[in-house]
Amino acid sequence: MTSESHIDSRPGAKAGRCVRPRTDRDLDACVHLLAQVHERDGYPVNWPEDAAEWLARPWFLAAWVAELDGRIAGHVVLSRSTTGDAAPGLLGAWEGVDAEAVTVISRLFVAPWARGHGLGELLMTRAHEEARERGLHLVLDVVASDTAATALYERLGWRPLGTAEQRWGPDQRVSVRCYGAPKAAEGASV
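Engineer: I tried to follow the packing of aromatic side chains on my own but got confused; where do I start?
Structural biologist: To describe a pair of aromatic rings, you give the distance between the ring centres and the angle between the ring planes. Taken as a whole and judged by the stated rule, the model has 4 aromatic pairs. Ring geometry for Trp 59 versus Phe 60: centroids 6.2 Å apart, planes at 80°, classification edge-to-face. For Trp 59, a relative accessible area of 31% translates into the label partly exposed. A network of ring pairs unites the aromatic residues Tyr 153, Trp 158 and Tyr 179 as a single cluster. Across from the ring centre of Trp 113, 3.8 Å away, lies the NZ or CZ of Arg 71, which sits over that ring.

Right, here's the structure in full:
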């Protein structure tokens, strides 16, 4: 991870926004925001036993927070694919991409009070840049019923790869939509 902040300097960008690498000191604030998101939106579907550990798993490659006017307001992670991830397999089936060349966007959320400031897009852009720097293909999956997240990904040009059923517990199956990054945002050429 780089130590510098990514500030949106495009024309028309909103002031007071930046994305920077997440530190261990940020985890309490991130857990607090995650609780707000869970209460409002039901994400994550199942509240983790240890939310700080859930945000900082050892197989994560990089993590960032978004700040709005100096307050942590969002979060995203790049992760190696794990056994339950459907999107890497779908990308491999459609485009012949090896699973080792894939990274997954995960743990993306923006605080309810900070929405409408483009922080989700800013976090996604930083994740794209990192994947590109690492030469990796970028994928994600989203619970099929999460229409707000789906709308963001599709507005940003993410390509639908398909849907899959995932087992999230002994009696819980969840339908997810899988997406591949826009061609221009991928780290490796296909």
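Engineer: Would you take a moment to explain the nonpolar core for this structure?
Structural biologist: Buried together is how nonpolar side chains tend to be arranged in soluble globular proteins. Among the nonpolar cores identified, the biggest contains 42 residues, and Trp 64, Ile 105, Leu 123, Met 124, Tyr 153 and Trp 158 are the most heavily contacted of them. When residues of this core are traced back to their parent elements, those giving at least two are helix H1 (27-41), helix H2 (51-55), strand S3 (60-68), strand S4 (71-80), strand S5 (102-110), helix H4 (119-134), strand S6 (137-143) and helix H5 (147-155). In this view, Ile 105 contacts Val 76, Val 77, Leu 78, Met 124, Ala 127, Leu 138, Val 139, Leu 140 and Trp 158; residues no more than four positions away in its chain are not counted. Counting 13 residues, the second-largest nonpolar core is a separate cluster that includes Ala 87, Val 97, Val 139 and Leu 161.

Engineer: In this structure, what is going on with the environment of Tyr 179? I would like to understand it.
Structural biologist: Structurally, Tyr 179 is set in strand S8 (residues 172-180). Tyr 179 sits in the buried class, given a relative accessible area of 2%. Linking Tyr 179 and Thr 163, residues 16 residues apart in sequence, is a C-alpha distance of 9.0 Å. If sequence neighbours within four positions are ignored, Tyr 179 has contacts with Ala 87, Leu 138, Val 139, Leu 140, Val 142, Thr 150, Glu 154, Trp 158, Arg 159, Pro 160 and Leu 161.

Engineer: Help me out: how do you make sense of H4 in this one?
Structural biologist: Along an α-helix, residues three or four positions apart point the same way, because every turn accommodates 3.6 residues. Between its terminal C-alpha atoms H4 stretches 23 Å, which fits the 22 Å expected from 16 residues at 1.5 Å a residue. Here H4 has its buried residues at Leu 119, Gly 120, Leu 122, Leu 123, Met 124, Arg 126, Ala 127, His 128, Glu 129, Glu 130 and Ala 131. Positive phi shows up at Gly 135, right after H4, with a value of about 70°.

Engineer: Explain the side chain of Thr 150 to me, please; I cannot follow it from the model alone.
Structural biologist: Within the secondary structure layout, Thr 150 lies in helix H5. The residues contacting Thr 150, other than those within four sequence positions of it, are Val 142, Arg 177 and Tyr 179.

Engineer: When you look at the pattern of salt bridges in this model, what are you seeing that I'm missing?
Structural biologist: Between side chains of opposite charge, a pair can form when the charged atoms approach closely. Per the stated rule, a full pass over the model turns up 10 salt bridges. Where Glu 95 meets Arg 159, a salt bridge forms, and the shortest distance between an N and an O atom there is 2.4 Å. Here the residue Glu 95 occupies a position in helix H3 (residues 87-95), and Arg 159 occupies one in strand S7 (residues 159-169), the gap between them amounting to 64 residues. Look at Arg 159 and you get buried, because its relative accessible area is 18%. Glu 129 is the partner of Arg 126 in a salt bridge, and the nearest nitrogen-oxygen pair spans 3.5 Å.

Engineer: I'm lost on the side chain of Asp 26 in this one. Help?
Structural biologist: With respect to the secondary-structure elements, Asp 26 resides in the loop between strand S2 (17-21) and H1. A distance of 2.8 Å separates a polar atom in the side chain of Asp 26 from the backbone nitrogen of Thr 23. The residues contacting Asp 26, other than those within four sequence positions of it, are Arg 20, Pro 21, Val 65 and Ile 72.

Engineer: I'm lost on the pairing of S7 in this one. Help?
Structural biologist: The two faces of the sheet receive side chains in turn, since in a regular strand these alternate between them. Pairing of S7 with S8 involves 9 bridges; the strand directions are antiparallel. Its bridge partner being in S8, Ala 164 is matched across the sheet by Val 176. In this antiparallel pair of consecutive strands, S7 and S8, the connection spans 2 residues.

What counts and what doesn't
Residues numbered from 1 in each chain as written. Predicted model: local features only at pLDDT ≥ 70, side-chain atom pairs only at ≥ 80, totals over all residues. Heavy atoms only, no water. Phe/Tyr/Trp six-rings, centres within 6.5 Å; stacked < 30°, edge-to-face > 60°. Buried < 20%, exposed > 50% of the residue type's maximum accessible area, 1.4 Å probe, protein only. Lys NZ or Arg CZ within 6 Å of the ring centre and 35° of its normal. Core = buried A, V, L, I, M, F, W, Y, C linked by side-chain atoms within 4.5 Å. Helix = DSSP H or I, 4+ residues; strand = E, 2+ residues; numbered from the N terminus. Contact = heavy atoms within 4.5 Å. Expected span 1.5 Å × (residues − 1). Salt bridge = Lys/Arg side-chain N within 4 Å of Asp/Glu carboxyl O. Polar contact = N/O pair within 3.5 Å; in protein donor to acceptor, adjacent residues only side chain to side chain. Pairing = 2+ DSSP bridges.

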